[in-house]
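Inside the fold
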Amino acid sequence: MHRIPWMGPLVANGLRSVIGAENVTALEETAYALEDRVQRFWRKDEPPKTYWEVPEQPVPATTASPPPAATPGSAAGGAGAAAFRPTDVGPAHAAWSAPGDGRWVPIADRVHPGDAPRLYKTLLHPDPNRSWAELFIVAVDLARVDVHLMAGSREPAATTEEGKPYERPAKIPEADHERLLAAFNGGFMTEHGQWGMRVDGVTLVRPRDQGCTLARRRDGRMQIAPWTRLSTEESDMQWWRQTPSCMVDEGELHPLLRAPQVRNWGATLDGNTVIRRSAVGLDRDGKVLYVGISNHTTAPAIALGMQHAGASTVAQLDVNWSYPKFLLYEPGEGGALAPVALASGFEFSEDEYIRKRSLRDFFYLTRKTPAPSTATP
């Protein structure tokens, strides 16, 4: 199931219609628990590993760059933009880490190689009991990067009258291909929690009060907070997507993440189930977006890892092996865009999100459009 991209979703969704969702959940939890038991036996002495080269001497850290002044013929935040680099945080567990854990490495822009980096990546090993539990995190400079939300062709399944006839492109518009940097997965299916979503002025699924909400305001600012804090400002939002309760809110870990049984953050699965997970977070100033994709982690492990990286608020996105992914885009043969995985092991196709319609919702990142020049001739 981990080697054939369509196998896991097909089996799970097919079985739900035959034996019911609760029985499928029991099967999944049993399978994941058995897999984890086998991994802990065979890999107990395996040291944590790294996936990319980390420079010996990191450049000094800075805060997110200010909105760039555009110059003729340059992309926003080009070569002349102020440098952006998150602060190195070091390993999540000093005695249980790979070389370079917690050090931020710039992600090169293959289209504009002379530009200051807009994206950085780091790797953490957030679970001291599992050396193979990895958390890949990308830090995004929101001063020079726009975040977009796209509904999938099927999910989230609409539950509102206005949402049912909504036409879903389900792939990144060609008009955005020239500015495209990256894309990553969205949230749960509607049946797994009824978490809300609004895009293009259409509410597909109504919001839930306890939902952690990732929202983009009309002025471009990003927010992550419980819906109860954001609901009065909905008219000022360009789009929003809900997830289960905020894992971290205003710097504080959710109390239930310390509980023995954590079910809120696994859709139907237990939050302590060891699976691939994904999450988004914002720093305290709302200037840096953190996107995390994990391997073999529990809900508490990914939450603590995201918090360690610098996120003051954290929302979990989709889980399970097939869905979480972070893809970068660069010119391929003939100049057409081609996706490249952030690290090995993520499932994707050559047309993922750009030429192939996605069944599930997703987010994508583009270089900011240069502001109109105010210089007089």
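In the block above lies the structure referred to throughout.
Nothing here was measured: the structure is a model prediction, and the numbers come from that model.

1. Some thoughts on the pairing of strand β7 (residues 202–205)
Relative to β7, strand β6 (residues 197–199) runs antiparallel, the two being bridged by three bridges. Bridged to methionine 197 within β7 is valine 205. Connecting the antiparallel pair β6 and β7 is a turn made up of two residues, with aspartate 200 showing a positive phi of about 55°.

2. Regarding unusual backbone geometry
With the exception of glycine, most residues fall at negative phi, and the peptide bonds are largely trans. Across the junction of glutamate 155 and proline 156, the peptide omega takes the value -5°, indicating a cis bond. Its place among the elements puts proline 156 in the loop between β4 (145–150) and β5 (180–185). Positive phi outside glycine occurs at alanine 170, with the angle close to 65°. Positive phi, close to 55°, is recorded for glutamate 250, a residue that is not glycine. Along the polypeptide, glutamate 250 turns up in the loop between β11 (248–249) and β12 (252–253). Look at glutamate 250 and you get exposed, because its relative accessible area is 54%.

3. Some thoughts on the packing of aromatic side chains
Applying the stated rule across the entire model yields eleven aromatic pairs. Measuring from ring centre to ring centre gives 4.9 Å for tyrosine 51 and phenylalanine 136, while their planes differ by 80°; the resulting arrangement is edge-to-face. One end of the pair, tyrosine 51, is in the loop between α2 (21–42) and β1 (105–106); the other, phenylalanine 136, is in strand β3 (residues 134–141), with 85 residues separating them in the sequence. By relative accessible area, phenylalanine 136 is classed as buried at 0%. Aromatic pair phenylalanine 362 and tyrosine 364: ring centres 6.4 Å apart, planes at 45°, arrangement tilted. For the residue pair phenylalanine 362 and tyrosine 364, the accessibility class agrees, reading buried in each case. Taken together, Tyr51, Trp52, Phe136 and Phe346 form an aromatic cluster joined through their ring pairs. Directly above the ring of tryptophan 321 sits arginine 276, whose terminal nitrogen or CZ lies 3.8 Å from the centroid. Here the basic side chain of arginine 360 rests over the ring of tyrosine 323, its NZ or CZ set 3.7 Å away from the ring centre.

4. A few points about a nonpolar patch on the surface
Together, Leu34, Val38 and Trp42 line one region of the surface with nonpolar side chains, adding up to about 360 Å² of accessible area. One can find tryptophan 42 in helix α2. Taking the relative accessible area as the measure of exposure, tryptophan 42 reaches 68% and is therefore exposed.

5. With respect to helix α4 (residues 299–309)
A large share of α4 lies buried, amounting to eight of its eleven residues. Along α4, the residues that are buried comprise Ala299, Pro300, Ala301, Ile302, Ala303, Gly305, Met306 and Ala309. One side-chain oxygen of the residue at the start of α4 lies 3.2 Å from the amide nitrogen of alanine 301, identifying that residue as threonine 298.

6. Describing the nonpolar core
Core analysis: the biggest nonpolar cluster contains 55 residues, and Phe184, Val280, Leu289, Phe326 and Leu365 have the highest contact counts within it. It is β5 that contributes the most residues to this core, five residues altogether. Apart from the residues within four sequence positions on either side, phenylalanine 326 is in contact with Val138, Ala182, Ala183, Phe184, Val291, Ile293, Val340, Ala341, Leu342 and Leu365. Residues Trp104, Trp265, Met306 and Val314 belong to the second largest nonpolar core, which totals 22 residues.

7. Let's talk about the pattern of salt bridges
Think of it this way: side chains of opposite charge can pair up when their charged atoms draw near. A full pass over the atoms with the stated rule returns 22 salt bridges. Taking the shortest distance from any N to any O, the salt bridge between glutamate 330 and arginine 110 comes out at 3.6 Å. One end of the pair, glutamate 330, is in strand β16 (residues 326–331); the other, arginine 110, is in the loop between β1 and β2 (119–124), with 220 residues separating them in the sequence. Taking relative accessible area as the criterion, glutamate 330 reaches 26% and is therefore assigned partly exposed. A salt bridge links glutamate 250 to arginine 229, with the nearest nitrogen and oxygen atoms 3.8 Å apart. On the criterion of sequence distance, the pair formed by glutamate 250 in the loop between β11 and β12 and arginine 229 in helix α3 (residues 227–230) is long-range, its members being 21 residues apart.

8. Observations regarding the pairing of strand β18 (residues 362–367)
The element β18 is extensively covered by neighbouring structure, given that six of its six residues are classed as buried. Going residue by residue along β18, you find Phe362, Tyr364 and Thr366 tucked away on one face and Phe363, Leu365 and Arg367 tucked away on the opposite face as well. Bridging between β4 and β18 involves six bridges; their strand directions are antiparallel. Its bridge partner being in β18, valine 145 is matched across the sheet by arginine 367.

Basis of the calculations
In this convention, every chain numbers its residues from 1, walking through the sequence in written order. Totals for whole chains, interfaces and linings use every residue, but because this is a predicted model, local features are given only for residues with pLDDT of at least 70 and side-chain atom pairs only at 80 or more, for both listing and counting. As a rule here, side-chain values come from all non-hydrogen atoms in the structure, and water together with hydrogens is ignored. Between any two strands, at least two bridges found by DSSP are needed for them to pair. Under the DSSP-based scheme used, a helix requires at least four consecutive residues in state H or I and a strand at least two consecutive residues in state E, with every element numbered from the N terminus. For each residue, the accessible area found with a 1.4 Å probe, counting protein chains only, is set against the maximum for its type, and the residue is called buried under 20%, exposed over 50%, and partly exposed in between. The rule is short: rings of Phe, Tyr and Trp, with Trp giving its six-membered ring, pair when the centres are within 6.5 Å, and they are stacked under 30 degrees, edge-to-face over 60, tilted in between. The criterion is that NZ of a Lys, or CZ of an Arg, lies within 6 Å of the ring centre and within 35 degrees of the ring normal, and then a charge sits over that ring. Patch definition: residues with relative accessible area over 30% and no salt bridge; like charges joined within 9 Å; nonpolar side chains (Val, Leu, Ile, Met, Phe, Trp, Tyr) joined within 5 Å. For every accessible area listed, the method is Shrake-Rupley and the probe measures 1.4 Å; residues are considered covered only by the protein chains on display. Whenever a carboxyl oxygen of Asp or Glu lies within 4 Å of a side-chain nitrogen of Lys or Arg, that contact is scored as a salt bridge. Residues adjacent in sequence count toward polar contacts only when both atoms are side-chain atoms; beyond that, a polar contact is any pair of N or O atoms within 3.5 Å, and within protein one must be able to donate a hydrogen and the other to accept it. Only buried residues count toward a nonpolar core. Its members are Ala, Val, Leu, Ile, Met, Phe, Trp, Tyr and Cys residues joined through side-chain atoms within 4.5 Å. Any two residues whose heavy atoms approach within 4.5 Å are treated as being in contact.

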